[in-house]
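So you can see what is in the structure, the chains are spelled out below.
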Amino acid sequence: MTPWLRRHGHRIFHPLAGADAATLAKVLRDGGGVGPLHLHRVATALGAAAIRAPLDLLERRRVAGLVGQGRTAGPPPLFILGHWRSGTTHLLNLLAQDERFAAPDPLAVGLPWGFLGLNSFWRARLEEWLPPDRIIDAMPVDATSPQEDELALALMQPLSYYHGIFFPRHLHRAFRQGVLFEGCRPKAVALWRRRMDHYLSKMQIQCGGRRLLIKNPAHTPKLAELLALRPDAVFVHIHRDPYEVFSSTRRMLLTLLREFSLQSYDPRAVDDLVLDLYPAMMARFDRDRALLPPGRLVEIRYDRFVADPLETLAGIYDGLGLGPFAPVQPKMERYLASVRDYRRARHDLEDPARRAVRRRWAFAFDRWGY
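Overview of the structure. (Residues numbered from 1 in each chain as written. Predicted model: local features only at pLDDT ≥ 70, side-chain atom pairs only at ≥ 80, totals over all residues. Heavy atoms only, no water.)

Within the protein one finds 18 helices and five strands. For 370 residues, the compact-globule formula gives about 21 Å, and the C-alpha radius of gyration of the protein, at 20 Å, lands near that figure. By principal-axis analysis of the C-alpha atoms, the protein measures approximately 50 × 50 × 45 Å. Counting across all 370 residues of the protein, residues that qualify as buried make up 53%. Residue pairs at least 24 apart in sequence account for 80% of intrachain contacts in the protein once pairs closer than 6 positions are excluded. (Helix = DSSP H or I, 4+ residues; strand = E, 2+ residues; numbered from the N terminus. Rg over C-alpha atoms; globule rule 2.2 N^0.38 Å. Buried < 20%, exposed > 50% of the residue type's maximum accessible area, 1.4 Å probe, protein only. Contact = heavy atoms within 4.5 Å.)

Now the structure itself:
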């Protein structure tokens with residue numbers, strides 16, 4: 001595969017190529033149309049859904065049988081929460097160095113209905129299409145890179161902010177529904193619960209008795225939902241300087257829109273979306289954290305985490321009872337050395353944006369002392 005094709009493969013095989021037919025039909029119907037330049041991407045997705053349908057059905061039946069046999073038992077999952085661009089990925093990558101944990105890999109999120117049934121031949125062919133990095137930044141991606149589960153959920157049911165990226169005429173609605181379940185019908189939320197439960201069960205089948213490691217900013221306001229599905233789950237919440245969070249999130253969303261949108265969009269809609277969403281996310285998080293007994297949630301600051309990652313990680317292990325940290329510390333040190341030259345982007349904000357962030361995210365400055 002040529003480097004150019006690997007870099008731009010998503011312009012042929014859009015992420016929706018991993019969706020089932022019912023989800024694809026629903027999001028296409030509600031999306032408000034597809035631009036002429038993107039029709040080939042939709043055609044590819046429809047064809048892929050049709051080809052995979054019988055195999056995916058067989059895998060669903062297999063998973064149901066294994067669940068019935070009790071093959072999905074494992075330690076309590078660990079969920080990494082926090083706003084986008086707060087350091088959740090860096091934390092995920094470090095924790096994933098511990099072989100006692102298991103996180104979704106790129107094919108597990110890109111083909112959520114069928115990843116268990118992939119043989120070595122097809123897995124190798126599909127891995128050739130993986131981009132060299134995350135597209136939104138320079139973090140490299142390979143076949144084992146840990147991923148967040150939101151794309152998988154977007155390909156299994158309609159409630160996901162990703163559908164706002166793909167169909168940005170409904171950007172605000174998709175984010176409010178996918179992140180907050182705002183204005184959603186109970187039937188749609190119930191479907192999300194079933195799909196989330198199914199996906200966690202599949203991941204547990206794949207990883208055996210290891211602890212699931214699930215990172216997803218969109219789960220931050222869903223503590224109650226996650227506890228209903230996995231009552232013994234444990235959580236890490238990470239937060240970061242609000243100016244950095246806003247600027248980096250805005251850049252991330254604009255990059256995702258440029259690369260994955262199937263419609264024209266107004267980039268000016270991004271700022272208000274980001275400014276509105278964070279306070280609502282944290283209000284839900286604060287409401288639901290009362291459901292957690294002591295020892296189930298650890299909160300960390302990004303700046304302190306970057307300054308002394310090993311001390312922060314040791315505190316997480318101790319606070320959540322994850323087992324001894326010393327055995328895995330050398331592997332984490334090697335990972336930190338491998339990314340030492342990674343340069344984080346600068347995020348300078350113009351004065352009007354800074355004032356808006358200070359005013360509308362006042363809770364973050366006051367709560368965490370930024």
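Reading across from one edge, E2-E3-E1-E4-E5 is the order of the five strands in this open sheet, with parallel pairing throughout. What marks the edges here is a single partner per strand, and that holds for strand E2 (101-102) and strand E5 (297-301). Bridging between E2 and strand E3 (residues 211-215) involves two bridges; their strand directions are parallel. The residue bridging Phe-101 from the neighbouring strand is Arg-211, located in E3. This element, helix H13 (residues 269-288), spans strand E1 (78-81), strand E4 (234-239) and E5 of the sheet and lies at about 150° to E4. In the packing of helix H15 (residues 309-320) onto the sheet, the strands contacted are E1, E2, E4 and E5, and the crossing angle to E5 comes to about 165°. (Pairing = 2+ DSSP bridges. Axes fitted to C-alpha atoms, helices over the stretch in contact; angles between N-to-C directions.)

For the structure shown, the criterion picks out 22 salt bridges. Each member of the salt-bridge network shares a partner with another, and the members are Asp-286, Arg-289, Glu-299 and Arg-367. (Salt bridge = Lys/Arg side-chain N within 4 Å of Asp/Glu carboxyl O.)

On to the nonpolar core, then. Membership of the largest hydrophobic core comes to 84 residues, with the highest contact counts inside it found for Leu-16 and Phe-175. If you tally residues by element for this core, the top one is H13, at 10 residues. Once residues within four sequence positions are removed from consideration, Phe-175 is found in contact with Trp-84, Tyr-161, Ile-165, Leu-180, Leu-253, Leu-273 and Leu-277. If you look at the next biggest cluster of nonpolar residues, it comprises 26 residues, including Val-298, Phe-305, Tyr-317 and Phe-325. (Core = buried A, V, L, I, M, F, W, Y, C linked by side-chain atoms within 4.5 Å.)

Right, let's talk about helix H9 (residues 171-180) for a bit. Buried residues of H9: Leu-171, Ala-174, Phe-175, Gly-178, Val-179 and Leu-180, and no others. Where H9 is buried, its residues meet helix H8 (162-166), helix H12 (242-260) and H13. Phi turns positive one or two residues past the end of H9, at Phe-181, with a value near 60°.

Burial analysis of E3 places five of its five residues in the buried class, the great majority of the element. The pairing of E1 with E3 spans three bridges and is classified as parallel. From the neighbouring strand, Ile-80 faces E3, where its bridge partner is Lys-215.

What follows covers the packing of helix H2 (residues 21-31) against helix H3 (residues 39-68). Two elements in contact, H2 and H3, have axes separated by 9 Å at closest approach and are oriented at 150°. With respect to H3, the element H2 is oriented roughly antiparallel. Two packed elements cross with a definite hand, and for H2 against H3 that hand is left-handed. In contact with Ala-21, Leu-24 and Leu-28 of H2, H3 contributes Val-42, Ala-45, Leu-46 and Ala-49. Grouping the amino acids of the contact of H2 with H3 by side-chain chemistry returns seven nonpolar, no polar and no charged. (Parallel < 35°, antiparallel > 145°, perpendicular 65-115°, else oblique. Left-handed = near helix turned anticlockwise from the far one by under 90°. Nonpolar A, V, L, I, M, F, W, Y, C, P; charged D, E, K, R; others polar.)

Now for the pairing of E4. Taking burial as the measure, the six residues of E4 include six buried ones, the bulk of the element. Along E4, one buried face is formed by Val-234, Val-236 and Ile-238 and the opposite face, lined by Phe-235, His-237 and His-239, is buried too. Both E1 and E4 contribute to a ladder of four bridges, which runs parallel. Bridge pairing in E4 links Phe-79 to Phe-235.

Each aromatic ring pair is characterised by the separation of its centres together with the angle its planes make. The full count for this structure, using the stated rule, is 15 aromatic pairs. Arranged with centres 6.0 Å apart and planes meeting at 80°, the rings of Phe-246 and Trp-361 form a pair that is edge-to-face. Here Phe-246, found in helix H12, pairs with Trp-361, found in the loop between helix H17 (351-360) and helix H18 (362-368); they are 115 residues apart in sequence, far enough to count as distant. Side by side, Phe-246 and Trp-361 carry an identical accessibility label, which is buried. (Phe/Tyr/Trp six-rings, centres within 6.5 Å; stacked < 30°, edge-to-face > 60°.)

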